[in-house]
Each structure stands twice: as structure tokens, then as C-alpha cells.
Amino acid sequence: MSGMRARQNMTFPAFQRAALRALAALTMLLATSVRSNFVFDDDPLQPVTQDETVSVGGVVTLTCSVKENDNSSLQWSNTAQQTLYFGEKRALRDNRIQLVKSTGTELIITISDVQLSDDGEYTCSIFTMPVRTARATVTVLGVPGKPVITGFDDAVKEDGKVTLTCTSSGSKPPAKLHWYRDQEEIQGRPDVVESNPDEPTYSVTSELTLTVTRKDNNALIACVVDHPSIANGDKRTEQPLSVLFSPGMSIQPESDLPREGEKFFLQCVGNGNPEPTAFVWRRKDAELPPLAKVDGAFLRFESLNKSDNGVYECQADNGIGMGDIAHTLLVQDQEDLDLFILTSTVPSSSAFPTFSPETSFSTSSEDETLPPFSSSSSSTTFSTSTLTFSSTLPPFTSAPSTVPPSPEVPTTSLSNALFPDLTLLPSSVPARTPPSPPSSSPATPSSVPQLNGVHTFTEAGVNAADPTAMSTSSGADHAVIGGVVAVIVFIMLCLLIVLGRYLIRHKGTYLTHEAKGSDDAPDADTAIINAEGGHSGVDDKKEYFI
């Protein structure tokens, strides 16, 4: 027993020593193995690398560097631990791999035309004691293909349903699909991802179900691929929709003012898919006029007449459905047309004058009222900027009365609406423009007489302002005119006085040297001798200057 115990005591220390040796070896192995992205800041000989991401067909650059070097060389190895470059020396014959830079502290290489097989971890090593390594992960992105939309072959009727399927393959990692109607994003079903059996890529499928309306006709439904290897929107496919729907109708008249005696037509316009080809015209509650002819989508009138007034209906058929529309025709005679053209240029508040028996003149700026002004036929209410009226014009007579202008009341001019070519002199523009009193009753025209081709109106119960009427003359202008007339009259009176005095001064009595009895003398000498007796017996002759 004592011998057995001695052997056990001798064996236990030997087992402990073996365990300690194994632990020491594992510690040394861990110490000599350095993973990528793990850097000892206090070890200047530790290589440093970084991960890279590249798309298929692109170029990736691998860089390995150390802070210091003890004359050891750097080396790059691929995912299969094949040496690519050992310092400046190429180790693997692959023309896609090129040396960019090799120094004692840095080794840079590039791999062009990257393929999916290039994806993985690359190792950079420096052969020191112990050997130090660092790893860089290269992620190769599979570029997705252009999406393909299926499921739409023929046009769909309005309110029908259509299901579209979009598929994109070749992406790594799986791409995402988005649906758009024109520029608006719409939601489809969740993407379905499937891996490709022959390569490490994926196929993605998405479905979209729509209930279409006539607004969706010719709309563009787009499927867009979203993936980090491409810019947003680079991979996009569009599918236009075709929706069949019944026509929407409208009637377009040749003119908005159909006149009696003229040619005229109504056009029936149908907006449908397909376009309508069959049209039916009818008149509500009556037959079509004898001079109206149906010409497809047109209803033509050879000569309009008042009897053509009424409601005309058009019905169109495009094979999908039918549409109806109605239009009211109102034929205008010449007088009605002239009235419409004239009134269309007048503001709705009426720009024609009305008169009242009593009229007041006021200026809002000075709060003073001018004396009333009246006439046997009419009177007006004026402001310096706008002419307003408050009652009805009297009917036209053979000798219409006129209102003489008062020195204290400014006179008015004709409306620019009737005489657009008449311009206002600058001297007639008033210095102030107080507003007219507001009106409290709507304007209602009572008659529309026509005199010498000029239409005039009479209105009742309103004070209306004519925005086109020309401004009135001021009291100062009338004072100047009166002064000029007075000066002219004074000058004419002075001329008459001077002329009278001149005529009076040229009238008088004159003596002649003809002797009485000189008519009996045979010659002039004898007459002179016979007249030596003087003029005592000679009768005076008077001569007047006329």
C-alpha cells in the first residue's frame, strides 16, 4: 500500500506539468494571431487594413500599412490564402490585380472587374517574430437587373381590376421594389425574395392590384428598384394603362350670340375610350326644325329663326356606353344683339345717368352744400370725379329741355362709353374729387329708345356713377371765361363809339366858286369876268360826305 501511494504521488505532479505546458502553448498561439480591425496601439509593427464594398464590375483598392518596419516585407493574400503580392513581387498571375504602391511601411494593390467570387476576407501579413496579420473584408454587391412588369395585356373597363407583377433579379443583397402611379407612390404587396441556385444573388418579386377609373386612362404605372449598388431611379420600368369608359359629353356652339338669319351649328363632343362614332340629335318636346340638318356630330342651321329656340339634346355611343348632353339655343334679333353689345360694356352698377327733382351738390372734403339746382325737365347730382343720378330721365320729346349751367355748379361731359375717341383736356381736370352720395336702390332700366343710331337708357330709383364719364369744369374756369367775354364786349363797345365819332366829324357845309349865271358864258374866261362881282348873290350849295 505504501508503494502504491508513492507512485500516485509521483504521477500527479507530472499531469499538472503537462497541463501547464498545453496552456502556455495556447497562450502563445493566441498572442501571435491578430484579427483584422483589432489594432494594438502600443505595437508599431501591427498591420492596419480597412473593409471595402464594391459592385460587380467595379474596382476595389486594398491598403495595408504599419507605423514602423524592421526590414520585414508586407504581403497580401486572397480569400483562398493565395499570395497576391509579397512586397513588390507578384505571386499570383491575375492581370486584374495590380500593384499601386510598395514601401517598407505600406502595400497597396487594386483588383479590377470585380466578380461575385472575389467576395470575402483578404489578409495582410508582416513577417516579424512573431508574424503579425490583419484582415480586410471585401463585400461585392450584385447589381439588380432592370425590373420587368407583367400582367397587363389588354385594356380594362372602367371600375375593373388589374394585377401587375414586377420582378428584378441579380441583386446582392436583395433589392427593394417600389410602385408609382405617375409621380405618386402607391403600396403593393410585400416583396418576395428568392435565391438564385447558380450564384449568390437574389430575385425579388412584387405585386400591385388596382381598381381603375377613367382617370387612370393613359396613366403610367412604374416599378422602381432600390439597391445600394445603383442610384435611386436608375432601374425603372413603366407600364401605361388603357381604361375603356363611356363618353363624357359637351356641346360647343359656333357662336355665343346666334343671330337671326345667319348660318349656325352645334357640335357634339364626346370624350371616351374609344372615341364615340355614333351621334343622335333631337329636340326636346318637339321635332327638329326643317332647316336643321344632322351631320354626324354637327347639327347645322341654314338660317336661324326665332322659332329655332329650344333645348337640343345629343346622344353619343362608343360601344362601351352612351352619353347625353343638352344645350339651350336662344336666337337673338338685331336689336337684342345691339343691346347686349352695348350693355356688355357698361358696369353692372349702371353707368347711365338718372335724374331727380331735387339735387344737392356736396364735397366730402369741405362738408359744405351748394345751393339746389332744378329744371322743368330734369336735374342732376354731380361730384367732381363721378356723375351720379337719383331718378328717371323723362321720355324723349321733340324739343327736349336743357339745363343751363350755373356758375356754382360744374357742368358734365358725355360718357366715354358712347364716345371713346373723345379725350379730356388737362385744363378740365378738377382739383379735387369728392365721392357722390351712396345709392340705396338697384338700377332697373325702364325703356330702350333708339335715336339716330344711338341707344340711350332710362333707369329708376338709383344713384349710379359713370366711371367712364369725363371730369367737369371747375368754377374758376367759368370765371375766367366770363372775364374774357366781358373784355371782348367792352372792346367792341369802344370800337363802336370811336367809329360814331369819326362819322360825325366828317359831315359839314362847303362854299363853291361857281358864279351864278356862269352857265350862260360861252367860255371859261367870260365866266370868270362875269363872276368878278363876288359871291354876295350866290346861293350856298351844301355837300355831304357819305
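In the block above lies the structure referred to throughout.
Asks: Would you mind going over the overall build of the protein with me for this structure?
Replies: Scanning the protein for helices and strands turns up four helices and 34 strands. The proportion of buried residues among the 546 residues of the protein is 31%. Long-range contacts, defined as pairs at least 24 residues apart, comprise 63% of the intrachain contacts of the protein with a sequence gap of at least 6. In the form shown here, the protein has an accessible surface area of approximately 34,200 Å², with 55% of it arising from carbon and sulfur atoms.

Asks: Would you mind showing me how to read the sheet that holds strand 7 (residues 106–111) here?
Replies: What holds strands together in a sheet is hydrogen bonding between their backbones, with the strands either parallel or antiparallel. Spatially, the three strands line up as an open sheet ordered 2-7-6, and their pairing is antiparallel. Either end of the sheet is taken by a strand with one partner, and the two such strands are strand 2 (60–65) and strand 6 (97–102). Put simply, the sheet's adjacent strands are angled 20° from each other on average, direction ignored. Sheet topology places strand 2 next to strand 7; six bridges connect them, and they run antiparallel. By the bridge assignment for strand 7, Thr63 is matched with Ile108.

Asks: Please clarify how the packing of aromatic side chains should be interpreted in this entry.
Replies: When we look at a pair of aromatic rings, we describe it by the centre distance and by the angle of the planes. All chains considered together, the criterion is met by four aromatic pairs. Measuring from ring centre to ring centre gives 5.5 Å for Phe265 and Phe298, while their planes differ by 70°; the resulting arrangement is edge-to-face. Of the two residues, Phe265 is situated in strand 20 (residues 264–273) and Phe298 in strand 23 (residues 298–301); the sequence distance between them amounts to 33 residues. Judged by relative accessible area, Phe265 falls into the partly exposed class, the value being 21%. Here Phe298 falls in the partly exposed class, since its relative accessible area comes to 23%. Look at Phe301 and Tyr312: their rings are 5.6 Å apart centre to centre, the planes differ by 85°, and that puts the pair in the edge-to-face class. On the criterion of sequence distance, the pair formed by Phe301 in strand 23 and Tyr312 in strand 24 (residues 310–317) is long-range, its members being 11 residues apart. Given a relative accessible area of 2%, Phe301 falls into the buried group. Tyr312 gets classed as buried once you look at its relative accessible area, which sits at 0%.

Asks: Sorry, what's going on with a nonpolar patch on the surface here?
Replies: Together, Ile481, Val485, Val489, Leu493 and Leu496 line one region of the surface with nonpolar side chains, adding up to about 470 Å² of accessible area. Within the secondary structure, Val485 is located in helix 3 (residues 475–505). Judged by its relative accessible area of 46%, Val485 falls in the partly exposed class.

Asks: What should I look at first to understand the pattern of salt bridges in this one?
Replies: Note on pairing: side chains with opposite charge can pair once their charged atoms come close. Within the structure shown, the criterion is met by 14 salt bridges. In this structure, the salt-bridge partner of Lys101 is Glu106, at a minimum N-O distance of 3.0 Å. Here Lys101 falls in the partly exposed class, since its relative accessible area comes to 37%. In this structure Glu106 comes out as buried when scored by relative accessible area, which is 19%. Glu238 is paired through a salt bridge with Arg236; the nearest N and O atoms lie 3.3 Å apart. A residue is classified by how much of its surface remains accessible, and Glu238, at 42% relative accessible area, is partly exposed. Accessibility expressed as a relative area gives 29% for Arg236, which makes it partly exposed. A single network of salt bridges, built from pairs that share partners, joins Asp94, Arg96 and Asp118.

Rules used throughout
- Residues numbered from 1 in each chain as written.
- Predicted model: local features only at pLDDT ≥ 70, side-chain atom pairs only at ≥ 80, totals over all residues.
- Heavy atoms only, no water.
- Helix = DSSP H or I, 4+ residues; strand = E, 2+ residues; numbered from the N terminus.
- Buried < 20%, exposed > 50% of the residue type's maximum accessible area, 1.4 Å probe, protein only.
- Contact = heavy atoms within 4.5 Å.
- Areas by Shrake-Rupley, 256 points an atom, 1.4 Å probe, with all protein chains shown as cover.
- Pairing = 2+ DSSP bridges.
- Axes fitted to C-alpha atoms, helices over the stretch in contact; angles between N-to-C directions.
- Phe/Tyr/Trp six-rings, centres within 6.5 Å; stacked < 30°, edge-to-face > 60°.
- Patch = residues over 30% accessible without salt bridge, like charges linked within 9 Å, V, L, I, M, F, W, Y side chains within 5 Å.
- Salt bridge = Lys/Arg side-chain N within 4 Å of Asp/Glu carboxyl O.

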